[in-house]
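# Descriptive structure summary
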Protein chains: 4
Amino acid sequence: MIKVGIIGSTGYVGHELLRILTNHKKVKIAQISSYSYEGQSIDSIYGNLNKISSLMCTNPEKVIASSDLVFTALPHGLSEEIAEKCLEKDKICIDLGADFRLKDEEEYSKWYGKNFSKPHIHPLSVYGLPELNREKIRTSPIIANPGCYPTSIELALMPVLREKLIDTKSIVIDSKSGTTGAGRGLSQTTHFPECNENILPYKIGEHRHLPEIQQILSEMANTSVKVTFVPHLLPVNRGILSTIYCTLNETKDVGKVHNIYKNYYEKEAFVRVLEIGKTASIRNVKYSNFCDISLHMDVENSKLIIVSAIDNMVKGAAGQAIQNMNIVLGIDEGEGLNFIPPAF
Amino acid sequence: MIKVGIIGSTGYVGHELLRILTNHKKVKIAQISSYSYEGQSIDSIYGNLNKISSLMCTNPEKVIASSDLVFTALPHGLSEEIAEKCLEKDKICIDLGADFRLKDEEEYSKWYGKNFSKPHIHPLSVYGLPELNREKIRTSPIIANPGCYPTSIELALMPVLREKLIDTKSIVIDSKSGTTGAGRGLSQTTHFPECNENILPYKIGEHRHLPEIQQILSEMANTSVKVTFVPHLLPVNRGILSTIYCTLNETKDVGKVHNIYKNYYEKEAFVRVLEIGKTASIRNVKYSNFCDISLHMDVENSKLIIVSAIDNMVKGAAGQAIQNMNIVLGIDEGEGLNFIPPAF
Amino acid sequence: MIKVGIIGSTGYVGHELLRILTNHKKVKIAQISSYSYEGQSIDSIYGNLNKISSLMCTNPEKVIASSDLVFTALPHGLSEEIAEKCLEKDKICIDLGADFRLKDEEEYSKWYGKNFSKPHIHPLSVYGLPELNREKIRTSPIIANPGCYPTSIELALMPVLREKLIDTKSIVIDSKSGTTGAGRGLSQTTHFPECNENILPYKIGEHRHLPEIQQILSEMANTSVKVTFVPHLLPVNRGILSTIYCTLNETKDVGKVHNIYKNYYEKEAFVRVLEIGKTASIRNVKYSNFCDISLHMDVENSKLIIVSAIDNMVKGAAGQAIQNMNIVLGIDEGEGLNFIPPAF
Amino acid sequence: MIKVGIIGSTGYVGHELLRILTNHKKVKIAQISSYSYEGQSIDSIYGNLNKISSLMCTNPEKVIASSDLVFTALPHGLSEEIAEKCLEKDKICIDLGADFRLKDEEEYSKWYGKNFSKPHIHPLSVYGLPELNREKIRTSPIIANPGCYPTSIELALMPVLREKLIDTKSIVIDSKSGTTGAGRGLSQTTHFPECNENILPYKIGEHRHLPEIQQILSEMANTSVKVTFVPHLLPVNRGILSTIYCTLNETKDVGKVHNIYKNYYEKEAFVRVLEIGKTASIRNVKYSNFCDISLHMDVENSKLIIVSAIDNMVKGAAGQAIQNMNIVLGIDEGEGLNFIPPAF
C-alpha cells in the first residue's frame, strides 16, 4: 500500500482530500498535518468524520517522513520549501496551492507580491491538468494542481483553441462559484446573512486565477491570449459554472463544433460533452469529478457560447489532485473517484 | 382618491402590485380580478395579507368598470382586449405583460407565434421605462411596462449607447435572475430540490426578452443593435444581476465613463451609480425600486464591464409600473416607492 | 420633530432601527454612533443605504446630547451607564440589549457573569412587550426591549397562562431562528458553507433568553414557570418560528381555546391569530412587525400545540422597539410600522 | 452477481437506489421500470446520470422476471400486488412505500383509506429497521423499509424505551425535514420562492408516519405508546433532524443514559452516539447512511432531550433499503454504503 500524506489537512481542500482518500483502495493516508490544529484529531474538528478517521494532526516534517507522496493544501508561498524537501527525499509532491502554477516568475511576482523562493525546482514541476498534460504528469516529481476557475475554463476552451476555431481576442468569461471556493476562513462576504439571497461579482480584473488562465490558454492556442474574466460568488456550497463567450472564425455550425468536442474528449472519463440542446449546470456534477460542457450558438453575432460546470472541491481541487496522484503512481486513473453526482 | 384596479392579481406580479399599492397615499385599490380564483378573497390565497386586505377576486369587467386606471398582469395575448376596453372608457391601462412591448408586429409574431389582435391601439402605447420615456408616459393611455431583464440591461447601457462610447457589435450580457421571475406556476426547474444549490443557464438565444432588449438598445444607439444574451436561474427569491461586457471605442478611462453615468442619472431618484471600486449586487437593492450600476474596466482588452442590479419584482415589475402610474397621474414619482433595501 | 439617536448603529439591530426610523413620519434621527466605525458614514458600511442616509457614526455622548430618545443596541453590560446618563438629562432610553430584561439581579449574575452596575435605575425600567405592559411603557424612562425568542414565545403563551388553561409544568418550546439573530459578527456557525443546508440545535438549556422567558411566563401565570427550551439555527436570514407544546388542564376543544385567543388579541394590531386549520410560518411575517399565532390540538395526548412566527429583526427587535417608542412618545402605535410582509 | 430491479425508478427514492446500487460490488441492476417514463433511458430524465447509466425504463413485469430481488419505490397501494408476484416466483421484495409498514389492517385503513389488498402475505413481511429486526430480516421474503421520520425517531428512542427509562406518556417529537422528503412531484409548498427562506410545520397530528412511529415505539416499550409529533419542512435538500423531548423516570444523570446508548449501539456501523457536549445536525450525516444521536438534559424539568439526524434519502430510504438487501442476501451489511458525509 502506498503511503500518502496531507499537509494543511484542516482547510476545506485538505478535508476533501482526506474524505476521498479514505475510501481509496490503493493508497493509505500515513499522516496529516495542520498549522492551526497540531495535536488534535481530525474528527474533533470535523464532526462528519466521527467513526471514520481519528488521525492526529502532526507537522509537515512528520508527514513528509512517513509518506511516499505528499499533498500540500496551503496558502501560497508555503509549498515551495516542502516540495524541495520532498524532492530531496525522492517523494512526490502534489501542490493544491498556487506556488507552481505560474511558469513565469515575473508574472508570479506581479500577482503574488513575491519572487519564487526555490526557483531551481520549478522546472521540475508540471501543470496538473490531466486532459492537457497526462504524459508529463506521469514522470513529474512536482505537480501543480490547477485552480478551480482555471479547470472549468481551460477544459471548456481547449478544443476550440487547439483547433484554432475562434478569435483569441474575443474571449469573455463569466464564472460563478460556490462559497467553499473561499475556504474555511471567515469573512463578511461569506457570512450567511450577507451571502444568502445574493450574487456578488468580485475581484473584477484582479483575481489571481487570471494569469493562470491566460498562461494555459496561450499554451493551448500557441499564441498570447488575454481574456476578460469576471468571477461571481453564488449562494451555494459547491460548484463552478463558467459561461464563456467567443467569436467563431468561420463556421457558424454548432454541430460541427460539437463533433470536435465529442472526438476531443471521447476517451476522457471525467469530461462529459452534453448533447446539443442540453445545458451544463452545477446540479449535474456536484460531489463528482466530472466536468460537463455544453455548446450553444448565437448565430446572429457569430458567438459560440460554452457552458462548463464542475464541483470546485472535486474536479476543481481534491478530486483532480487524486486523479493526478493516480496517474503519477501508475494506478487506474479513476480509482477512488467513481462518485455519481446525486440529483439533489 | 384615484381608483385603480388589478387584473391578474393572484400571480406574483399582481400580488406585488397589491402589496405596494395598499400603502400608496394617493390611490385606492377599487377591485381586483383573477381567472383562477374568482370569488375568493386575496388573503385566503396569500396568507401574508391576513389583516391587510380581504379584497375579493372578481372579473376584468368589474375591475375596469370601477377603476380610473387598470394594471394588467397577465400572460401575453390577454391584455390587448382589456387595453382596448380601457381606451373606450377613457381609462389608463398599464400592462405588465408583453403585449405592447414590441413595436414591430413581425418581430412580435416571430417570438410569440401570433399577430397583434388589436393593431390599431398599439401606436397609442409607450414603452414605460421612465428614465427613457418620462415625457411620453405622462400622456399615454397605454403603458407597456418593461420586462425585468430589459430594465436591468437598458438602464445599464443607456449612457454609453446615447454617447456612442462603445462598439455596438460587441455587447455580451450575462444575466442572473431570482426564481420569482418564473412566477407562481409550478415547474421542475423551480422545484426546490432541483433549483436549490444550482445555477442554470436557460433559453440561450431564445428568451423572449431578447427582441425587447434589442429594440430599445437600437433606439438608444440610433442604429441596429444585436446582443448576445444568456439568462441564468439563481437559487434566490428576488433580484436580477446583469454583467455586461462591451468594447469601448476610444477612452479606456473608467473615470471618464463614470462621470458620464453620474451626470446622466444625477436627477433620477431610482438609479444609483456606485462609486468606482464598489460593485453592484442584488443584496443592496432587493425589496426596493433602485437600480444599482457599477462600472469596471478590463484595460488590457479595452472592455468596459457594467454590472447592474434590480429587484425583479419591484423595479423589474410592480414598482416600475407604479412609478409609471405616478407619472401618468401627475403624482410625485416616488410616492409609495420609498422602500429602503434591507441589508439582509 | 422629535429627535432620536442610535447607539450601536452598525450592528444588525442598529441598522434595522435606522432603516425603519428613516421613513418614520414623526421622529428624526439626530445622531448615530458606533464603537467600531466612529468617523465613518453609515452608507460606506451598508451599501444598501446609498442615497438614503449618509449619517456619520459619532460617539454615545454626542448621540445622547442631540436626542430626546436614545436606542441602545449593544452587547450586554454596556447600556446601564448610557441609560443612567439619559435619565440624568431627562431623556428616554430604549435598550435592545439584555441589561434591563431580568428583574432579579441574582438571576442576571448567574447568566451573565456580572452584577448590575447601576442597580438603582433598574426599578425605573419596564419590560417592553406592548401587548403585556402597554400602560407602564407609556411612563417609563427606561424600556427593556424583549429578546427575539422571548417575544415569539410570550405572545404565544400569554392567553393560556393568564386564563390558567394549561399545566405550567408541561411546557416544551422548540424554536427555530434565522441567522441574523446571531448578528453581524463572524463565526464558524454562520459561515455560509457550514450553515447552509443544515439545521443546528444549539445552547440547549444554556441560552440566555431562558431566564427572560421564565420570568415573563411566571409573571403571566402568577406562579413560577420552568420551561424546556431548545433553540435551533435555520439556514434563512430572518424569522423565528416557535413550536410550543403544553398540556391542557381540562378542555380538549381547540375551538374554545381559539376563541380565547381571538378575543385576547382582538385589538392588537400586530398579533394575528390564524383561523383553525391554518399554520403560522416565517414566510407570512418576514419583513413585518406581525406575530402570527396558530393553534393545533393533539387530542390523544391532550396537548395543545401553539405555533408562533415573527421576524426576529422587526417584531423581535427593531420594530418592537419603535412600537415602544411610539407608545412612550404618545404617537400612533403603528406609525412607521405598516410593513406588509411580502409573499416571497 | 445477484440481479436486482427497481420498480418506480424515476421518483427521488428510485433514483437514489439506482445511484447507490450502481457502485455496489455484489449486485447488478438488471432492469428498472417507471410508470411515467416507460421506454425512456434513465439518463435522459436525470442528467446527472449521463455516462453512468443508460438503463431503459421498462415495466414491473420485466423487472420482476429479470431480478432476484426487487425494490418497489411507489405510492402506497401499488406494492402489495408486486410483492405477491415476487413471492410466487420466489424473489425477495423490499418495499420503500407504506404498504407493509403497519401490522394492523384497521390502523392502515384509518390512515390510508383502504384495506390491505393482499392480507395473506402481510404476515410474511418484516419491518426493516436493521438495528431492531436484523435477525428476522435475514429470512423475510418481504421487507417493509421504514419511513424517513420513523427511522430518525425509532433509533433515537430505542434504548430508553427498551430500558424503560422514560415516562412513555411524555414523548414530544419535533421533526424537521428537507424537501426531497416530499418527492419529485410539484407542489406550491415546494415551489422555490415559497419554500426558500421559510420553515413550515405541516400535517400536525395528521402525518401518515405517526401510526408507524407509534407501532414501533409500542413494540420497543412493550406497552402502548402515543406521541405528539409535529413535522416541519426545511429549506434544505436533504436530511431530517428530530428533537425529541421525554421525561426520565428516575435518573437525571445524562452520563448514565449516554453510557446505555453507547453500549446499545456499540456494534452498529451506522449509528453514531455523539460524545456529551456535541450536538447532532444534518450537516454531519448528509449523503451518508449514518444516524447521529446526541443526548442533552434539562435537569430542572427532568427532561431528556434526544437529537437525532439522518439523511432522509439514504438512512431514511434508499441506503437503509440496501442495508436490508445486504442482510437478506448475506452480503457484508455495509457493502456499497461506505459514504463519508462531506463537511459541506
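Just so we're clear, the structure is a prediction, and the values are computed from it rather than from any experiment.

## A word on the overall build of chain A
Looking only at helices and strands, chain A has eleven helices and 14 strands in total. At 20 Å, chain A has a C-alpha radius of gyration in line with the 20 Å of a compact globule built from 344 residues. Dimensions along the principal axes, computed over C-alpha positions, put chain A at roughly 60 × 45 × 40 Å. Taken over 344 residues, chain A has a buried fraction of 67%. When contacts within chain A are restricted to residue pairs at least 6 apart in sequence, long-range pairs at least 24 apart make up 70% of them. For chain A, the exposed area adds up to about 11,200 Å²; of that, 48% sits on carbon and sulfur atoms. Of the side chains in chain A, 37 bear a positive and 39 a negative charge, and the two mean positions are spaced by 4 Å.

## A closer look at the domain arrangement of chain A
The parts lose accessible area when they come together, and the size of an interface is often stated as this lost area. Residues and elements named next belong to chain A. On domain assignment, one finds that chain A holds domain 1 (2-145 + 315-329) and domain 2 (149-311). Distance from the C-alpha centre of domain 1 to the C-alpha centre of domain 2: 25 Å. Taken together, the 26 residues of domain 1 in the interface contact 32 residues of domain 2. Interface of domain 1 and domain 2: buried area, both sides summed, is about 2,400 Å²; carbon and sulfur atoms make up 53% of it. When the buried surface of domain 1 facing domain 2 is broken down by residue, Tyr12, Trp111 and Lys315 rank first, second and third, together holding 29% of it. Here domain 1 and domain 2 share three salt bridges between them. Linking Glu16 and Arg238 is a salt bridge whose minimum nitrogen-to-oxygen distance equals 2.7 Å. Scanning the region where domain 1 abuts domain 2 turns up 14 residue pairs in polar contact (both at pLDDT 80 or more). Counting residues per element, the ones that place at least two in the side of domain 1 that touches domain 2 are helix H1 (12-22), helix H5 (105-112), helix H6 (130-138) and helix H11 (314-329). It is H11 that provides the largest number of residues to the side of domain 1 that touches domain 2, a total of five residues. By residue class, the composition of the side of domain 1 that touches domain 2 is ten nonpolar, seven polar and nine charged.

## Concerning helix H4 (residues 79-88) of chain A
Residues and elements named next belong to chain A. Taken as a whole, H4 has its buried residues at Ser79, Glu80, Ile82, Ala83, Glu84 and Cys86. If you follow the buried residues of H4, they end up packed against strand E1 (2-7), helix H3 (60-66), strand E4 (69-72), strand E5 (92-95) and strand E7 (142-144). Just downstream of H4 lies Asp90, where phi reads positive at about 65°.

## Remarks on the side chain of Glu335 of chain A
Residues and elements named next belong to chain A. Its place among the elements puts Glu335 in the segment after H11. Buried and without a salt bridge, Glu335 has Lys25 as its closest oppositely charged side chain, separated by 5.1 Å. Among the polar contacts listed, one links the side chain of Glu335 to the backbone nitrogen of Lys25, at a separation of 2.9 Å. Among all residues touching Glu335, those that are not within four sequence positions of it are His24, Lys25, Lys26, Ile322 and Asn326.

## A closer look at the interface of chain D and chain B
Counting residues at the interface gives 19 residues for chain D, matched by 19 residues for chain B. A buried area of about 1,700 Å², summed over both sides, lies between chain D and chain B, and 55% of it is on carbon and sulfur atoms. Ranking the residues of chain D by area buried against chain B places Leu186, His191 and Phe192 of chain D at the top, with a combined share of 38%. Our count for the chain D to chain B interface comes out at two salt bridges. Joining chain D to chain B, the criterion identifies 14 residue pairs in polar contact (both at pLDDT 80 or more). The element best represented in the side of chain D that touches chain B is helix H8 (residues 192-195) of chain D, accounting for four residues. By residue class, the composition of the side of chain D that touches chain B is seven nonpolar, ten polar and two charged.

## Brief notes about the interface of chain C and chain D
Contacts between the two partners involve 41 residues from chain C and, on the opposite side, 41 residues from chain D. When chain C packs against chain D, the two sides together hide about 3,400 Å² of surface, and 61% of this comes from carbon and sulfur. Applying the counting rule to chain C against chain D returns four salt bridges. Residue Asp174 of chain D is joined to Lys176 of chain C by a salt bridge in which the shortest nitrogen-to-oxygen separation is 3.1 Å. Inspection of the region where chain C meets chain D yields 20 residue pairs in polar contact (both at pLDDT 80 or more). If you list the elements that add at least two residues to the side of chain C that touches chain D, you get strand E8 (172-177), helix H8 (192-195), strand E9 (200-201), strand E10 (228-233), strand E11 (240-247), strand E13 (291-298) and strand E14 (303-310) of chain C. The element that contributes the greatest number of residues to the side of chain C that touches chain D is E8 of chain C, accounting for four residues. Of the residues in the side of chain C that touches chain D, the class split is 20 nonpolar, ten polar and eleven charged.

## Let's talk about the relation of the copies chain D and chain B
When chain D is brought onto chain B, the operation consists of a screw motion whose angular component is 180° and whose axial shift is 0.0 Å, with 0.0 Å RMSD remaining. The operation mapping one copy onto its partner corresponds to a two-fold rotation axis.

## Points about the pairing of strand E11 (residues 240-247) of chain D
All names here are of chain D. A large share of E11 lies buried, amounting to seven of its eight residues. As judged from the eight bridges shared by E11 and strand E14 (residues 303-310), these two strands associate in the antiparallel manner. Paired with Thr247 across the bridge in E14 is Lys303.

## Comments concerning the packing of aromatic side chains
Counted according to the given criterion, the structure contains 28 aromatic pairs over all chains. Between Tyr287 of chain A and Tyr287 of chain D, the aromatic rings sit 4.5 Å apart at their centres with planes inclined by 45°, giving tilted as the arrangement. Taken together, the residues span two chains, with Tyr287 of chain A in the loop between strand E12 (271-273) and strand E13 (291-298) and Tyr287 of chain D in the loop between strand E12 (271-273) and strand E13 (291-298). A residue is classified by how much of its surface remains accessible, and Tyr287 of chain A, at 11% relative accessible area, is buried. Ring centres 5.1 Å apart and planes at 10° place the aromatic pair Phe192 of chain B and Phe192 of chain D in the stacked group. With Phe192 of chain B in helix H8 (residues 192-195) and Phe192 of chain D in helix H8, this pair bridges two chains. Assigned by exposure class, Phe192 of chain B and Phe192 of chain D land together as buried. Taken together, the ring pairs connect Tyr108, Tyr112 and Phe116 of chain A into an aromatic cluster. Of note, Arg272 of chain B hangs over the ring of Phe290 of chain B, and the distance from its end group to the ring centre comes to 4.0 Å.

## Examining the pattern of salt bridges
For the structure shown, the criterion picks out 72 salt bridges over all chains. The residue Glu131 of chain B makes a salt bridge to Lys315 of chain B at a minimum N-O spacing of 2.9 Å. Placement of Glu131 of chain B in helix H6 (residues 130-138) and of Lys315 of chain B in helix H11 (residues 314-329) is noted, with a sequence separation of 184 residues between them. A cluster of three or more residues bridged by salt bridges with shared partners is formed by Glu16, Arg19, Arg238 and Asp311 of chain A.

## A word on the relation of the copies chain C and chain D
Note on the identical chains: chain C maps onto chain D by a rotation of 180° and an axial translation of 0.0 Å, with an RMSD of 0.0 Å. Interface residue correspondence from chain C to chain D reaches 100%, placing this contact among same-surface, isologous pairings.

## Quick notes on the pairing of strand E5 (residues 92-95) of chain B
Residues and elements named next belong to chain B. Every second residue of E5 is oriented toward a common face, with Ile92 and Ile94 on one face and Cys93 and Asp95 on the other, all of them buried. Relative to E5, strand E4 (residues 69-72) is paired through four bridges, and the arrangement is parallel. When the bridges of E5 are listed, Thr72 appears paired with Asp95. Crossover handedness for the path E4 to helix H4 (residues 79-88) to E5: right-handed. Pairing between E5 and strand E7 (residues 142-144): three bridges, direction parallel. Looking at E7, one finds that Ile94 is bridged to Ile143.

Calculation rules
Each chain carries its own residue numbering, running from 1 in the written order of its sequence. For naming, the first written chain is A and the first written ligand is 1, with later ones following in the order written. This being a predicted model, a pLDDT of at least 70 is required before a residue's local features are given, and a value of 80 or more before pairs of side-chain atoms are given or counted; all residues contribute to the totals for chains, interfaces and linings. The side-chain quantities take in all heavy atoms of the structure and omit both hydrogens and water. A run of H or I in DSSP counts as a helix once it spans at least four residues, and a run of E counts as a strand once it spans at least two, with each numbered from the N terminus. Values of the radius of gyration come from C-alpha atoms, whereas the globule rule sets the reference at 2.2 Å times the count of residues to the power 0.38. Only protein chains enter the calculation, and the probe is 1.4 Å; a residue is then buried if its accessible area is under 20% of its type maximum, exposed if over 50%, and partly exposed in between. Residues are treated as being in contact if the distance between any of their heavy atoms lies within 4.5 Å. Methods summary: accessible areas were calculated by the Shrake-Rupley approach with a probe of 1.4 Å, and residue burial reflects only the protein chains presented. When charges are tallied, Lys and Arg are placed among the positive residues and Asp and Glu among the negative ones, while His and the ends of the chain are skipped. Note on charges: their place is set at NZ of Lys, CZ of Arg, CG of Asp or CD of Glu. Segment limits for the domains were obtained from an automatic or database-derived domain assignment. The term buried area refers to how much accessible surface (probe radius 1.4 Å) is lost by two components on association, counted for both of them together. Salt bridges are identified by distance alone: a Lys or Arg side-chain nitrogen within 4 Å of an Asp or Glu carboxyl oxygen. Any N or O atom pair separated by 3.5 Å or less is treated as a polar contact, with the protein-specific requirement of one donor-capable and one acceptor-capable atom, and with residues adjacent in sequence counted only for side-chain atom pairs. Note on residue categories: nonpolar means Ala, Val, Leu, Ile, Met, Phe, Trp, Tyr, Cys or Pro, charged means Asp, Glu, Lys or Arg, and polar means any other residue, Gly included. Alignment of the copies relies on least squares applied to C-alpha atoms, considering only residues that score at least 70 for pLDDT in both. Paired strands, in this sense, are two strands between which DSSP finds at least two bridges. Any two rings among Phe, Tyr and Trp, with Trp reduced to its six-membered ring, count as a pair given centres within 6.5 Å; such a pair is stacked if its planes are under 30 degrees apart, edge-to-face if over 60, and tilted if neither. Placement of a positive charge over a ring is assigned whenever Lys NZ or Arg CZ falls within 6 Å of the ring centre and within 35 degrees of the normal to the ring plane. A right-handed crossover is one whose linking path, passing over the helix from the first strand to the second, runs clockwise when the strands point away from the viewer.

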